[in-house]
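A look at the structure
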Amino acid sequence: MTKQPILPIAQAQSPFFLGVDVGGTNIKIGLVDDAGMTLAFKSIATQEPAGPEQAVQRISRTCHGLCSSVDLNISDVAQVGLGTPGTMCLKRGVLLQPPNLPNWHEFPIRQSLSDATGRPVTFVNDANAAAFGEFWIGTGAKYESLAMLTLGTGVGGGIISEGHMINGSNSFGSESGHIIIDCRPDARLCVWGGGRGHLEAYASASAVASIASERLHAGAKSCMRSIFDKHGTVTAKQVHEAALLGDDFALALVDETAYYLGIGVATTVHTTDPGLVVLGGAMDFGGRDCPIGNRFLQGIVNEFKNRTFENVYRGTKIDFATLGGDAGYLGAAGLARQAFGANSNHGMASSTLALERN
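Residues numbered from 1 in each chain as written. Predicted model: local features only at pLDDT ≥ 70, side-chain atom pairs only at ≥ 80, totals over all residues. Heavy atoms only, no water.

1. Structural notes on the overall build of the protein
Along the protein, the regular secondary structure elements total twelve helices and twelve strands. In terms of overall dimensions, the protein is globule-like: its C-alpha atoms have a radius of gyration of 20 Å, near the 21 Å expected for 358 residues. When the backbone C-alpha atoms are referred to their principal axes, the protein occupies close to 60 × 50 × 40 Å. Among the 358 residues that make up the protein, the fraction classed as buried is 56%. At a minimum sequence separation of 6, the contacts of the protein that also span at least 24 residues come to 61%. Carbon together with sulfur atoms contributes 50% to the accessible area of the protein, which is approximately 15200 Å² in total. Of the charged side chains in the protein, 26 are positive and 32 negative; the average position of the first set lies 2 Å away from that of the second. (Helix = DSSP H or I, 4+ residues; strand = E, 2+ residues; numbered from the N terminus. Rg over C-alpha atoms; globule rule 2.2 N^0.38 Å. Buried < 20%, exposed > 50% of the residue type's maximum accessible area, 1.4 Å probe, protein only. Contact = heavy atoms within 4.5 Å. Areas by Shrake-Rupley, 256 points an atom, 1.4 Å probe, with all protein chains shown as cover. Lys, Arg positive; Asp, Glu negative; His and termini not counted. Charge placed at Lys NZ, Arg CZ, Asp CG, Glu CD.)

2. Remarks on the pattern of salt bridges
Enumeration over the complete set of coordinates arrives at ten salt bridges. Close ionic contact of Glu303 with Arg307 constitutes a salt bridge, the shortest N to O distance being 2.6 Å. Of this pair, Glu303 and Arg307 are both found in helix 9 (residues 291-307), four residues apart, which corresponds to roughly one turn of the helix. Using a relative accessible area of 38% as the deciding quantity, one classes Arg307 as partly exposed. Across the pair Lys317 and Asp319 runs a salt bridge whose closest N-O atoms are separated by 3.7 Å. Each member of the salt-bridge network shares a partner with another, and the members are Arg288, Lys317 and Asp319. (Salt bridge = Lys/Arg side-chain N within 4 Å of Asp/Glu carboxyl O.)

3. Notes on the environment of Gly152
Checked against the element boundaries, Gly152 lands in the loop between strand 8 (146-151) and strand 9 (155-161). Sequence separation between Gly152 and Gly118 is 34 residues; the distance between their C-alpha atoms is 34 Å. Those residues in contact with Gly152, other than ones at most four positions away along the chain, are Ser204, Ala205, Ser206 and Met283.

4. A look at the packing of helix 3 (residues 126-137) against helix 11 (residues 327-344)
In the contact formed by helix 3 and helix 11, the axes pass within 6 Å of each other and the chain directions differ by 75 degrees. Classified by the interaxial angle, the pair formed by helix 3 and helix 11 is roughly perpendicular. Here Asn128, Ala129, Ala130, Phe132, Gly133, Glu134, Trp136 and Ile137 of helix 3 lie close against helix 11, whose contacting residues are Ala327, Gly328, Leu330, Gly331, Ala332, Ala333, Gly334, Leu335, Arg337 and Gln338. For the contact of helix 3 with helix 11, the class distribution of residues is ten nonpolar, six polar and two charged. (Axes fitted to C-alpha atoms, helices over the stretch in contact; angles between N-to-C directions. Parallel < 35°, antiparallel > 145°, perpendicular 65-115°, else oblique. Nonpolar A, V, L, I, M, F, W, Y, C, P; charged D, E, K, R; others polar.)

5. Description of the pairing of strand 4 (residues 77-84)
Of all eight residues in strand 4, eight are buried, a share of seventy percent or more. As defined by bridge partners, strand 1 (residues 16-22) adjoins strand 4 across six bridges and the pair is classed as parallel. Residue Phe16 lies in a different strand from strand 4, and its bridge partner there is Val77. In the sheet, strand 4 pairs with strand 7 (residues 121-125) via five bridges, with the strands oriented parallel. Within strand 7, the position partnered with Val80 by the bridge is Val121. (Pairing = 2+ DSSP bridges.)

6. As for the sheet that holds strand 10 (residues 164-165)
Ordered in space as 10-9-8-11-12, the five strands form an open sheet in which the pairing is mixed. Single-partner strands in this sheet number two, and they are strand 10 and strand 12 (317-320). In the sheet, strand 8 pairs with strand 9 via six bridges, with the strands oriented antiparallel. Across the sheet, residue Met148 finds its bridge partner in strand 9, namely Gly158. Strand contacts of helix 3: strand 8, strand 9, strand 10 and strand 11 (276-280), with the helix running at about 50 degrees to strand 9, the strand carrying the most contacts.

7. Considerations on the pairing of strand 8
Most of strand 8 sits out of view: six of its six residues are buried. Residue alternation in strand 8 divides its side chains into two sets, Leu146, Met148 and Thr150 and Ala147, Leu149 and Leu151, and both sets are buried. The loop that links strand 8 with its antiparallel partner strand 9 comprises three residues. Bridge count between strand 8 and strand 11: four bridges; the pairing is parallel. Looking at the pairing, Ala147 lines up with Val277 of strand 11.

8. A look at the nonpolar core
A general tendency of soluble globular proteins is for nonpolar side chains to be buried together. With 49 residues, the main nonpolar core has Val239, Phe296 and Ile318 as its most contacted residues. Among the elements of the structure, strand 8, helix 4 (200-203), helix 5 (205-217), helix 7 (236-244), helix 8 (248-272), strand 11, helix 9 and strand 12 are those that each provide at least two residues to this core. Sorting elements by how many residues they give to this core places helix 8 first, with twelve residues. Residues contacting Val239, with those up to four places away along its chain left out, are Val208, Ala212, Met224, Val234, Ala250, Leu253 and Phe285. Counting residues in each nonpolar core, the second largest holds 34 residues, with Ala12, Cys63, Leu95 and Ile109 among its members. (Core = buried A, V, L, I, M, F, W, Y, C linked by side-chain atoms within 4.5 Å.)

Read these as layout, nothing more, since geometry by itself doesn't imply function.
In structure tokens:
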């Protein structure tokens, strides 16, 4: 279920867009108006082992159903936005070898979805889509640029510079989760690609769980001892819960994760200077409404301050995301809106997007 308020169609602003956010477990699909308001939403199971062809057909049926639910036809949708996990070739609209979609490799997903829906499709990396959602109507709505880190099983990234998404020549732009923060030959390996010393290897939920389990195995003292002894591992969520109880081991791990993220934020900011860094994803230690989340955020800010220039520190805000799990479908719809504007002189052409905020 989306957390966004559902706007009645009578109050909606045309044109309309569909946003599709493909994940390894679920696919979120939202019908969105020109102001970023959600008119209808549905989440369906990805059913990854069944392959991409059947998924595209189910996405198409869901898109038709969402339109029908508000008395629209699919032809009333100006464009569809599609976000998927990488790796991908955006120019060709092809999924290459996304690690969490092993049965979808080398699939021309953009054209397939366009054929199924009869609408033009804008194709984007899922983390970039989430970043654009926050840029359009979330934490970054008043900014011209932002960098976003999505903290989950891995660490995703998205960077928008003066209204332009940084996709890169190899469709790998904005992947801040794979910046190198540890150059030692025995540095940790990242979750998906096996890259050594990547930010993802130190600041993702998988990394937190792995580091905690390794240290508990080595004899570290913690209130999580009984959980580890029973299961042989602990989760990032359990680390958060232990930190809330004041467990010194868990609190130290929260602080260590913030330290590494502070390094990653500094490197990203020194490359792009966005003015805003947004932290999204489920691995936020409770976010701004939780004392551990605020401790986590302050640790990131402190380490960033230690590693940057005074004027850059003063001119950069670091904050949690606003849209939660809805950012992906909203951002995909927003990027479809931007592409539609660029092709039709609609008011959201990428060259004027940042100017409209002023």
